[in-house]
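# Structure at a glance
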There are 4 protein chains.
Amino acid sequence: VFTTGLENVSFNGAVQKTDLQGTVNESEYIILPLPITRDKKTLNAPLSDRSTFINNEFAKLLIGKKIFCGLKEDIISLGVNFSELNLKDYSKEEEFAIKNAVPTSEGAIELAMQEYDGTINGSNCLVAGFGRIGKILAHMLRGLGANVFVAARKPEDLNFIEILGYTPVNIYTLKDKKGFDIIFNTIPKMVFDAYTLAKIAIDSIVIDLASLPGGVDFEAASRLHIKSIQALSLPGKVAPKAAGEIIKSTVLSMIAKEES
Amino acid sequence: VFTTGLENVSFNGAVQKTDLQGTVNESEYIILPLPITRDKKTLNAPLSDRSTFINNEFAKLLIGKKIFCGLKEDIISLGVNFSELNLKDYSKEEEFAIKNAVPTSEGAIELAMQEYDGTINGSNCLVAGFGRIGKILAHMLRGLGANVFVAARKPEDLNFIEILGYTPVNIYTLKDKKGFDIIFNTIPKMVFDAYTLAKIAIDSIVIDLASLPGGVDFEAASRLHIKSIQALSLPGKVAPKAAGEIIKSTVLSMIAKEES
Amino acid sequence: VFTTGLENVSFNGAVQKTDLQGTVNESEYIILPLPITRDKKTLNAPLSDRSTFINNEFAKLLIGKKIFCGLKEDIISLGVNFSELNLKDYSKEEEFAIKNAVPTSEGAIELAMQEYDGTINGSNCLVAGFGRIGKILAHMLRGLGANVFVAARKPEDLNFIEILGYTPVNIYTLKDKKGFDIIFNTIPKMVFDAYTLAKIAIDSIVIDLASLPGGVDFEAASRLHIKSIQALSLPGKVAPKAAGEIIKSTVLSMIAKEES
Amino acid sequence: VFTTGLENVSFNGAVQKTDLQGTVNESEYIILPLPITRDKKTLNAPLSDRSTFINNEFAKLLIGKKIFCGLKEDIISLGVNFSELNLKDYSKEEEFAIKNAVPTSEGAIELAMQEYDGTINGSNCLVAGFGRIGKILAHMLRGLGANVFVAARKPEDLNFIEILGYTPVNIYTLKDKKGFDIIFNTIPKMVFDAYTLAKIAIDSIVIDLASLPGGVDFEAASRLHIKSIQALSLPGKVAPKAAGEIIKSTVLSMIAKEES
C-alpha cells in the first residue's frame with residue numbers, strides 16, 4: 001500500500017508514504033478521496049500540509065490505472081481529461097448503500113438524542129420510507145424502546161411493517177396523524193411540505209436523511225418554528241472509521257468480482 | 001400550583017407566579033430544586049434574576065410544610081433549622097431509580113456514539129453490572145445491534161444474562177477478556193483498576209456510570225492513554241424534560257401512597 | 001352474506017344459509033373453498049353432510065359472477081366450462097403471500113418445538129433463504145433466543161442479514177458449515193441434496209417450508225437417518241382462524257382496488 | 001461414570017453399566033432419578049426391564065454417599081432409613097429454577113400455538129407475574145410479535161415492565177381489563193378465580209404455569225366453557241434433553257461449590 005497526502009499520519013504495517021508520482025507508479029489500484037476536492041481546485045487532503053492541484057496534469061498521471069472513487073459524475077465534470085479515466089464508482093454499489101445505512105441510522109439517532117429533551121424510550125417516532133435506511137432505523141428505534149410508526153406507500157410494505165411490530169401509516173393519510181415526538185424522513189421527495197408540517201409536526205423534531213434535494217420544506221419548518229435538521233453525509237461525520245471500512249470492503253468486493 | 005424563582009418562564013394553565021412567601025403560604029406541598037444550591041449560599045434558580053438566600057430564615061419559612069427534595073442529606077447539612085424540616089426525599093424511591101435508568105442508559109449511548117468512531121451496531125460492548133442500569137443499557141445496546149457482554153458476580157445473574165442472549169462474563173475472570181470497543185461500568189466499586197484497564201481496555205472507550213466514587217481509576221486510564229469518561233447526572237443533562245417528569249411522577253406516587 | 005355447504009355451523013350476525021342456487025343468485029361476489037375439491041369430484045365442504053358435484057353444471061351456475069379463489073390453475077383444469085369463469089386468484093396477491101408468512105413461520109417453530117428435544121433458546125438454527133418467510137422466521141427465532149444463521153445468495157442480502165444481527169452464510173459455501181440443531185429451508189430449489197445433507201445435517205432436524213417440489217431430498221434424508229419434515233400448507237393447519245382472516249382481508253383489498 | 005437401570009441404552013465414551021451394588025460401590029456421587037419412584041414401590045427406571053425396590057435395604061446401600069436428587073421431601077417420606085441419607089436437592093437451587101424457566105416458557109408457547117387458532121404474532125397475551133418465568137415468557141412472546149401485557153403487583157416491577165416495552169397491568173385492577181387472546185399465569189396464588197375468569201377470560205385460552213396448587217380455578221373455567229390448561233413439569237415433557245442438561249449443570253455447580 002502506497003499513500004500520498006497523508007504526511008501527518010503514522011501507520012502500522014506495510015504502508016509507504018511517497019509523493020503522488022511514486023504512489024501512482026507503484027500502484028495497480030488507486031482510491032481517490034471522497035469528495036475528491038472541497039474547493040474545486042486542490043485535492044481534498046486534510047491530513048497533508050501541501051496542496052495537489054486537481055487539473056488536467058493530475059488526470060493525465062492517472063490514465064491507465066484502475067481508479068476507485070465515489071460520486072463519479074463530480075469527477076468527470078472537473079475537466080476533459082477526467083472523462084478518459086477508468087473510474088469505478090463504489091458509491092453506486094448496493095453493498096456501499098446497505099452498509100452506509102447503519103452509520104446513517106445511528107447518526108440520526110444521535111442527532112435525535114441531542115435535540116430531543118425526552119428519551120427515545122417511550123417516545124413516538126415516525127420513520128417515513130421503508131427502504132434500506134427506513135428498515136434499519138425503525139429496527140434500532142424499537143430496540144431503544146420507542147413506539148415506532150413507519151409510513152410507506154406500497155401495501156406489501158405496510159403489511160410487512162405491521163408484522164414486524166411497527167405501526168403502519170399509509171403515506172397518503174399521513175396528514176391525519178399526530179403526536180410524533182420525532183419525525184425521520186428517508187424519502188427523497190417533498191413529503192413534508194408546508195401543509196403537512198403544519199398539520200402533524202408542530203410539536204415534533206424533524207430530521208431529514210434523504211439525499212438532496214431532500215423531502216422537507218425547511219423554510220416552512222423555520223417559519224412554523226419547527227426544529228428541523230438536514231442531516232447529510234452522516235457516516236463520515238459520526239463514524240469515520242466505520243465509513244472508511246465500508247469503502248474498503250466495497251472496493252475489495254469490486255476487485256474480487258472483477259477478478260472472478 | 002404556585003411557583004417562585006421562575007420569573008423568566010411563561011406557563012400555560014393554572015400556574016401562578018408569586019414571591020417565596022406567597023408560594024409557601026398557599027401550598028400544602030413544596031418541591032425544592034435539585035440540587036438545592038450550587039454555591040452553598042443561594043437557592044438554585046437559573047431561570048430567575050433574583051437571589052434567594054439559603055439560610056435559617058429560609059428554613060423557618062418552610063417549617064410545617066411537606067417538602068419534597070432530592071439528596072436530603074445535603075439539605076440537612078446546610079444548617080441547624082434545616083434538620084427540623086419535614087423532608088421527603090424522592091431520590092431514595094425505587095420508582096425514581098428505575099425510571100432514571102432510562103435517560104441514564106440513553107445518555108451513555110449518546111456519549112458512546114460521540115466518542116466511538118465506529119458504529120455501535122457490530123461493536124463489542126461490555127456492560128459491567130446487571131442492576132437496573134445494566135439491564136436496561138444491555139437491552140438498548142442489543143437493540144442497536146451491538147455484541148453485548150455483561151459482567152456480573154452472581155451465578156443466577158450470569159444464567160439470566162445468557163438466556164437473554166448476551167454473553168455472560170464472570171466478573172472474577174474479567175481480566176482475561178479482551179477486544180471490547182466500549183466498556184460501560186455501572187458498579188460503584190473499583191472494578192476497573194489500573195491493572196484491569198491495562199489488561200483489557202487499552203483499545204477501548206470507558207464510560208463510568210456508577211455513582212461516586214465510581215468504579216474506574218481515571219488517573220490510570222489517563223496514564224494509559226485510554227479514553228475514559230465519568231458520566232454523572234446524565235438524566236438532567238441529556239433529557240431534561242424526561243428528568244423533570246420522573247420527579248413529578250415520583251412525587252405524585254409518594255403523595256398517593258401517603259394519602260392511601 | 002349467503003353461504004352454502006355450512007349446515008353444521010351456527011353463525012352470529014347477518015349470515016344466511018341457503019342452497020347453492022340461492023347463494024349464487026343473491027351474491028355479487030363468490031368465494032370458493034381452498035382447495036376447491038379434495039376428491040376431484042365434489043366440492044370441498046367438510047362442514048356439510050351433502051355432496052355438491054364439481055362438474056360443468058356447477059361451473060355454468062357461476063358464469064357471470066366475480067369469483068374469488070386460490071390456485072386458479074387447479075380450478076381451470078377441472079373442465080372446459082371452468083375456464084369461462086371470471087376467476088380472481090387471491091393466492092397470487094402479494095398481501096396474501098406476506099401475511100401467510102406469519103402462520104407459516106409460527107407453524108414451522110411449533111414443528112421444531114415438537115421435534116427438537118432441546119430448547120429453541122440457545123439452539124443453532126439455520127434459515128435457508130431470505131424472502132418473506134425467511135425474514136419473518138429468522139426474526140421470530142431470534143426473538144426466542146436462538147443463534148440464527150441465514151443462508152442467502154445475493155451479497156446485498158448477506159450484508160443486510162449481518163446488520164440485523166444474524167450470522168450470514170453464503171449459500172455457495174453452505175456445505176462447509178456445521179453444528180445446526182434445526183435447519184429450515186424456504187428455497188424452492190434442491191438446496192439440501194444428499195451430499196449437502198450428509199455434510200451438514202447428520203445431527204440436525206430438517207424442516208422444508210418451500211412450496212413443491214421443495215428443496216430437500218427426503219429420500220436421502222431418510223437413508224441418512226436425518227429427521228426431516230415436509231411442511232406444506234401450514235397456515236390452515238396451525239392457525240385456521242388466522243388463515244381465514246388472511247383470505248378475507250386479501251379479498252377485501254382486491255374488491256377495494258377494483259372499485260377504486 | 002457408572003450407571004444402573006439403563007440396560008436398554010447404548011452409551012458413547014467412559015460410561016459403564018453395572019448392577020446397583022457395583023454402581024454404588026464405585027461412585028462418590030450418586031444422582032437419583034426424578035421422580036425417584038412412580039409407584040411408591042420401585043425405582044423409576046423406564047429404560048430398564050428389571051425392578052429395583054425402593055425400601056430400607058435400598059436406602060442402607062446409599063448411606064455415606066453424596067446423593068443428588070430433586071424433591072428431597074418426597075424421598076424422605078419413603079421410610080425411616082431415607083432420612084439418614086446425605087441428600088443434596090438440586091431442585092432447590094437458584095440455577096435450576098432459572099434455567100428451567102426457559103423450557104417452561106417454550107413449552108407454554110408450544111401449548112398456546114397448539115390451542116390457539118390464530119397466530120401468536122399480533123395476538124394479545126397476558127402474562128401474570130414477573131418472576132423468572134414471567135420475565136422470560138414475556139421476552140419470548142414479544143419476540144414472536146405478540147402484544148404483551150404483564151400483570152404485577154410491585155410498583156417497581158410495573159415501571160420496569162413499561163420500560164421493557166410491555167403494557168403494565170396492575171394486578172389489583174386486572175378485573176377491569178379485557179380482550180386477551182391468551183392468558184399465562186405464573187403466580188402460585190388464586191389469581192384467576194371464578195369472578196376474574198368470568199370478567200376477563202370468557203374468550204381467552206388460559207394456561208397455568210404456576211406450581212401446585214396453581215393460580216386458576218379450573219372448575220370454574222370448565223363451567224364457563226373457557227379453554228384452560230394446567231401445565232405442570234413442562235421441561236421434561238417438551239425438551240427432555242434440555243431438562244437433563246439443566247440437572248447436569250446444576251449438579252456440577254453444586255460439586256464445584258462444595259469443593260471450593
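Residues numbered from 1 in each chain as written. Chains lettered and ligands numbered in written order. Predicted model: local features only at pLDDT ≥ 70, side-chain atom pairs only at ≥ 80, totals over all residues. Heavy atoms only, no water.

### Details of the overall build of chain A
Secondary structure summary: chain A contains 10 helices and 11 strands in total. Scored against the burial criterion, the 260 residues of chain A give a buried share of 50%. Taking the contacts inside chain A whose residues are at least 6 apart along the sequence as the reference set, 52% of them involve residues at least 24 apart. With an accessible surface of roughly 12,500 Å², chain A has 51% of that area assigned to carbon and sulfur atoms. Looking at charge distribution, chain A has the averaged site of its 28 positive side-chain charges lying 2 Å from that of its 31 negative ones. (Helix = DSSP H or I, 4+ residues; strand = E, 2+ residues; numbered from the N terminus. Buried < 20%, exposed > 50% of the residue type's maximum accessible area, 1.4 Å probe, protein only. Contact = heavy atoms within 4.5 Å. Areas by Shrake-Rupley, 256 points an atom, 1.4 Å probe, with all protein chains shown as cover. Lys, Arg positive; Asp, Glu negative; His and termini not counted. Charge placed at Lys NZ, Arg CZ, Asp CG, Glu CD.)

### Focus: the environment of A:Leu78
All names here are of chain A. Locating Leu78 in the fold gives a position in the loop between α3 (72-76) and β5 (86-89). For the pair Leu78 and Tyr116, spaced 38 residues apart in sequence, the C-alpha to C-alpha distance is 41 Å. Each residue touching Leu78, except ones within four places of it in the same chain, is listed here: Ile36, Thr37 and Ile54.

### Considerations on helix α6 (residues 155-163) of chain A
Among all positions of α6(A), only A:Asp157, A:Leu158, A:Asn159, A:Phe160, A:Ile161 and A:Ile163 are buried. Contacts from the buried residues of α6(A) go to β7 (147-152) and β8 (167-170) of chain A together with α4 (94-115) and α5 (132-143) of chain C. Where α6(A) terminates, the next one or two residues include A:Gly165, which has phi positive at roughly 100°.

### So, the relation of the copies chain A and chain B
Superposing chain A onto chain B takes a rotation of 180° combined with a translation of 0.0 Å along the rotation axis, leaving an RMSD of 0.1 Å. Considering both components of the superposition, the chain copies are consistent with a two-fold axis. Of every C-alpha in chain A, the one belonging to A:Gly143 sits nearest the axis of rotation, 1.7 Å from it. A high fraction, 100%, of the interface residues of chain A reappear at the interface in chain B, so the copies pair face to face through one surface. (Least-squares fit on C-alpha atoms with pLDDT ≥ 70 in both.)

### Focus on the relation of the copies chain C and chain A
Laying chain C over chain A is done by rotating through 180° and shifting 0.0 Å along the axis; what remains is an RMSD of 0.1 Å. Comparing interface residues between copies, 100% of those in chain C also lie at the interface in chain A; the contact surface is shared.

### A short note on the sheet that holds strand β5 (residues 86-89) of chain B
Residues and elements named next belong to chain B. Reading across the sheet, the 3 strands line up as β3-β4-β5 and stay open at both edges, with parallel pairing between neighbours. Unpaired on one side and paired on the other, β3 (29-31) and β5 mark the two borders of the sheet. When strand polarity is set aside, the average angle formed by the axes of neighbouring strands in this sheet is 30°. In this sheet, β5 lies alongside strand β4 (residues 66-69) in parallel orientation, the contact comprising 4 bridges. Bridging across to β5, Cys69 finds its partner in Asp89. (Pairing = 2+ DSSP bridges. Axes fitted to C-alpha atoms, helices over the stretch in contact; angles between N-to-C directions.)

### Structural notes on the pairing of strand β10 (residues 205-208) of chain C
Residue and element names in this part refer to chain C. Taking every second residue as pointing to the same face, both faces of β10 are buried, with Ile205 and Ile207 on one and Val206 and Asp208 on the other. Looking at chain direction, strand β9 (residues 182-185) and β10 are connected through 4 bridges and run parallel. Its bridge partner lying in β10, Asn185 is registered against Asp208. Traced from β9 through helix α7 (residues 194-200) to β10, the parallel crossover comes out right-handed. Here β10 pairs with strand β11 (residues 227-230) via 4 bridges, running parallel. What sits directly across from Ile205, in β11, is Lys227. Crossover β10 to β11 through helix α8 (residues 218-223) is right-handed. (Right-handed = clockwise from strand over helix to strand, strands pointing away.)

### Looking at the interface of chain C and chain A
With 14 residues of chain C at the contact, the number on the chain A side is 14 residues. Taken together, both faces of the contact between chain C and chain A bury some 1,400 Å²; the carbon and sulfur share is 80%. Linking chain C to chain A there are 0 salt bridges. Joining chain C to chain A, the criterion identifies 0 residue pairs in polar contact (both at pLDDT 80 or more). Elements supplying a minimum of two residues to the side of chain C that touches chain A: α4, α5 and α6 (155-163) of chain C. Top contributing element to the side of chain C that touches chain A by residue count: α4(C), with 5 residues. When the residues that make up the side of chain C that touches chain A are grouped by side-chain class, the tally is 6 nonpolar, 2 polar and 6 charged. (Buried area = accessible area lost by both parts, 1.4 Å probe. Salt bridge = Lys/Arg side-chain N within 4 Å of Asp/Glu carboxyl O. Polar contact = N/O pair within 3.5 Å; in protein donor to acceptor, adjacent residues only side chain to side chain. Nonpolar A, V, L, I, M, F, W, Y, C, P; charged D, E, K, R; others polar.)

### Re the pattern of salt bridges
Residues and elements named next belong to chain A. Overall, the coordinates contain 40 salt bridges over all chains when judged by the stated rule. The salt bridge involving Glu95 is made with Lys99; its shortest N-O contact spans 3.1 Å. Here Glu95 pairs with Lys99, and both are found in helix α4 (residues 94-115), just 4 residues apart, close to one helical turn. Note on Glu95: relative accessible area 12%, which makes it buried.

### A short note on the sheet that holds β7(A)
Residues and elements named next belong to chain A. Spatial strand order, β8-β7-β6-β9-β10-β11: 6 strands in an open sheet with parallel pairing. Looking at the sheet topology across the chains shown, the edges are occupied by β8 and β11 (227-230). In this sheet, neighbouring strand axes are inclined to one another by 20° on average, regardless of whether the strands run parallel or antiparallel.

### Considerations on the interface of chain A and chain B
Taken together, the contacts link 22 residues of chain A with 22 residues of chain B. For the chain A and chain B pair, buried surface summed over both sides reaches about 1,900 Å², with 60% attributable to carbon and sulfur atoms. When the area that chain A buries against chain B is broken down by residue, the three leading residues are A:Glu106, A:Met113 and A:Asp117, summing to 29%. On inspection of chain A and its partner chain B, the count reaches 0 salt bridges. Tallied by class, residues from the side of chain A that touches chain B come to 12 nonpolar, 6 polar and 4 charged.

### Topic: the packing of aromatic side chains
In total, this model carries 16 aromatic pairs over all chains according to the counting rule given. Aromatic pair C:Tyr90 and C:Phe96: ring centres 5.4 Å apart, planes at 55°, arrangement tilted. Exposure class is identical for C:Tyr90 and C:Phe96. Each is buried. Note on D:Tyr29 and D:Phe68: the rings are 5.7 Å apart at their centroids and 40° apart in plane angle, and the pair reads as tilted. Here D:Tyr29 is found in strand β3 (residues 29-31), whereas its partner D:Phe68 is found in strand β4 (residues 66-69), with 39 residues between them in sequence. Overall, D:Phe68 belongs to the buried group, its relative accessible area being 0%. Sitting above the plane of the A:Phe130 ring, A:Lys135 keeps its charged end 5.0 Å from the centroid. (Phe/Tyr/Trp six-rings, centres within 6.5 Å; stacked < 30°, edge-to-face > 60°. Lys NZ or Arg CZ within 6 Å of the ring centre and 35° of its normal.)

### Concerning the side chain of D:Asn81
Residue and element names in this part refer to chain D. Relative to the elements of secondary structure, Asn81 occurs in the loop between α3 (72-76) and β5 (86-89). Since its relative accessible area comes to 12%, Asn81 is described here as buried. The residues contacting Asn81, other than those within four sequence positions of it, are Asn56, Ala59 and Lys60.

### Digging into the packing of α4(C) against helix α10 (residues 240-259) of chain C
All names here are of chain C. Two numbers describe how α4 lies on α10: the axes approach to 10 Å, and their chain directions differ by 165°. By the angle between their axes, α4 is roughly antiparallel relative to α10. Note that α4 runs across α10; the crossing there is right-handed. For the pair α4 and α10, contact is made by Glu95, Phe96, Lys99, Asn100 and Pro103 and by Ile246, Ile247, Ser249, Thr250 and Ser253, respectively. A per-class count over the contact of α4 with α10 returns 4 nonpolar, 4 polar and 2 charged. (Parallel < 35°, antiparallel > 145°, perpendicular 65-115°, else oblique. Left-handed = near helix turned anticlockwise from the far one by under 90°.)

### A few points about helix α10 (residues 240-259) of chain A
For α10(A), with 20 residues, the first-to-last C-alpha span of 29 Å sits near the 28 Å given by 1.5 Å per residue. The secondary structure elements touched by the buried residues of α10(A) are β3 (29-31), β4 (66-69), β5, α4 and α9 (234-238) of chain A. (Expected span 1.5 Å × (residues − 1).)

### A closer look at the side chain of A:Ser204
Residue and element names in this part refer to chain A. With respect to the secondary-structure elements, Ser204 resides in the loop between α7 (194-200) and β10 (205-208). Separated by 2.6 Å, the side chain of Ser204 and the backbone oxygen of Phe180 make a polar contact. If near-sequence neighbours (up to four positions away) are discounted, Ser204 is found in contact with Phe180, Asp181, Ile183, Ile226 and Lys227.

### Considering unusual backbone geometry
Put simply, B:Leu34 and B:Pro35 share a cis peptide bond, and its omega is -5°. Its location among the elements puts B:Pro35 in the loop between β3 and α2 (56-62). Unusually for a residue other than glycine, A:Ser233 sits at a positive phi of about 50°. Along the chain, the position of A:Ser233 falls in the loop between β11 and α9. Here B:Leu71, not a glycine, exhibits a phi torsion of approximately 50°, which is positive. Tracing the chain through its elements places B:Leu71 in the loop between β4 and α3 (72-76). The class for B:Leu71 is partly exposed, based on a relative accessible area of 37%.

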